[in-house]
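Breakdown of the fold
Chain by chain, the residues:
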Amino acid sequence: MTVLVISGTRAGVGKTVVAAAIAALAQDRGAGVAVLKPAQTGVAPEQPGDLARVRRLAGDVPTRELSRYPDRLSPEAAARRRGLPPVTPAEAARAASELHAAHETVLVEGTGGLLTRFDGDGGTVADVAWAIGGPVLIVTDAALGTLNVTALTAEVATRRGIDVLGVVVGSWPARPSLAHRTNLADLPVAAGAPLLGVLPEGLDAAGREEFLEEARRGLSPWFGGRFDPDSFARHVDAQH
């Protein structure tokens, strides 16, 4: 890996946990990894943000946050409401490049979805990915409605010349519904890219060793894990 943009289909699908899991596996195999959060919203200056969660779960991972806004809005709206300067895609791409000069892998965690606005000129997470020139990993849930937003996200990426590496389910429920189970097979079709992992819900509360083991179990060998989508689907079917 070089620079990978991690984008959700919406807020709350598990982007931070996925970023932490990829970082934990990289750390475990001795690869240099850093995590960049261009814009943190909904967190006061003195409160821990997403990057603090990454460090708590993955260990001593170098991280960098460019701007923080206290209102839980898009970065553009949050900056405008407080009269603060926005983060531009160019600034985010430059920070990713600086981190990549010192680290083998840089994970760029977006805010919300791929078309979430960063600035008043219409700059989005997609523009960050395009400026970086790296692929996008789509993080989504597996509930009813996910196929539509996953397909829309993938279509936006490909139309803008951005490669979609794959899709990861960021929070798999302990009691999956019929929609959850059938969407496992349909998500790669919607994304036009492989299913590269399924992480269980509640993983944010895990200790360091448990988190690392769940990352191994839930992420593809591409990231250093041992997740196999066919084996996982058979396991889920056997439980129902």
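This one's a predicted model, so the numbers in the text were calculated from it and none came from an experiment.

Some thoughts on the sheet that holds strand E5 (residues 136–140)
One open sheet accounts for seven strands, arranged E3-E2-E4-E1-E5-E6-E7; its pairing is parallel. The strands lining the two open edges of the sheet, one partner per strand, are strand E3 (63–69) and strand E7 (195–200). This sheet shows a mean twist of 20 degrees between the axes of neighbouring strands, independent of strand direction. Looking at chain direction, strand E1 (residues 3–8) and strand E4 (residues 105–113) are connected through five bridges and run parallel.

Remarks on the packing of helix H6 (residues 146–159) against helix H7 (residues 178–191)
Working note: a packed helix pair is described by the angle between its axes plus the distance between those axes. Running from amino to carboxyl end, H6 crosses H7 at an angle of 25 degrees, the nearest separation of the two axes being 8 Å. By the angle class used here, H6 and H7 are roughly parallel. The crossing of H6 and H7 is right-handed. Residues Thr146, Leu147, Thr150, Ala151 and Ala154 of H6 form the contact with H7, whose own contacting residues are Asn183, Asp186, Leu187, Ala190 and Ala191. Among the residues making up the contact of H6 with H7, the classes are represented as six nonpolar, three polar and one charged.

Here's the deal with the side chain of Lys37
In this fold, Lys37 is placed in strand E2 (residues 33–41). In this structure the side chain of Lys37 is engaged in a polar contact, spanning 3.0 Å, whose partner is the backbone oxygen of Gly110. Contacts of Lys37, omitting those with residues within four sequence positions, involve Asp50, Leu51, Arg64, Glu65, Leu66, Glu109, Gly110 and Thr111.

Quick notes on the packing of aromatic side chains
Where two aromatic rings form a pair, the distance of their centres and the angle of their planes describe that pair. Under the criterion given, the structure shown has three aromatic pairs. Taken together, a centroid distance of 5.5 Å and an interplanar angle of 75 degrees make the contact between Trp172 and Phe232 edge-to-face. Of the two residues, Trp172 is situated in strand E6 (residues 164–172) and Phe232 in helix H9 (residues 229–238); the sequence distance between them amounts to 60 residues. Ring geometry for Trp222 and Phe223: centres 5.3 Å apart, planes at 80 degrees, overall edge-to-face. Trp222 sits in the partly exposed class, given a relative accessible area of 42%. A residue is classified by how much of its surface remains accessible, and Phe223, at 0% relative accessible area, is buried. These aromatic residues form a ring-pair network of at least three members: Trp172, Phe227 and Phe232.

Re helix H4 (residues 89–100)
End to end, H4 covers 16 Å across 12 residues, agreeing with the expected 16 Å (1.5 Å per residue, within 8%). Residues of H4 that are buried: Pro89, Ala92, Ala93, Ala95, Ala96 and Leu99. The buried residues of H4 occupy an angular sector of 160 degrees when the element is viewed end-on, so they sit on one face. Summarising the contacts, the buried residues of H4 are in contact with E1, E2, E3, E4 and helix H5 (125–132).

Topic: the environment of Ser220
Checked against the element boundaries, Ser220 lands in the loop between helix H8 (208–218) and H9. Considered as a pair, Ser220 and Gly197 are 23 residues apart in the sequence and their alpha carbons are 5.6 Å apart.

Quick word on the pattern of salt bridges
Applying the stated rule across the entire model yields 18 salt bridges. The partner of Arg53 in a salt bridge is Asp50, and the shortest N-O contact between them spans 3.5 Å. Taken as a pair, Arg53 and Asp50 lie in helix H2 (residues 50–58) at a separation of three residues, close to a single helical turn. In this structure Arg53 comes out as partly exposed when scored by relative accessible area, which is 26%. Overall, the relative accessible area of 13% leaves Asp50 in the buried class.

Parameters at a glance
- Residues numbered from 1 in each chain as written.
- Predicted model: local features only at pLDDT ≥ 70, side-chain atom pairs only at ≥ 80, totals over all residues.
- Heavy atoms only, no water.
- Pairing = 2+ DSSP bridges.
- Helix = DSSP H or I, 4+ residues; strand = E, 2+ residues; numbered from the N terminus.
- Axes fitted to C-alpha atoms, helices over the stretch in contact; angles between N-to-C directions.
- Parallel < 35°, antiparallel > 145°, perpendicular 65-115°, else oblique.
- Left-handed = near helix turned anticlockwise from the far one by under 90°.
- Contact = heavy atoms within 4.5 Å.
- Nonpolar A, V, L, I, M, F, W, Y, C, P; charged D, E, K, R; others polar.
- Polar contact = N/O pair within 3.5 Å; in protein donor to acceptor, adjacent residues only side chain to side chain.
- Phe/Tyr/Trp six-rings, centres within 6.5 Å; stacked < 30°, edge-to-face > 60°.
- Buried < 20%, exposed > 50% of the residue type's maximum accessible area, 1.4 Å probe, protein only.
- Expected span 1.5 Å × (residues − 1).
- Arc of directions from axis to C-beta.
- Salt bridge = Lys/Arg side-chain N within 4 Å of Asp/Glu carboxyl O.

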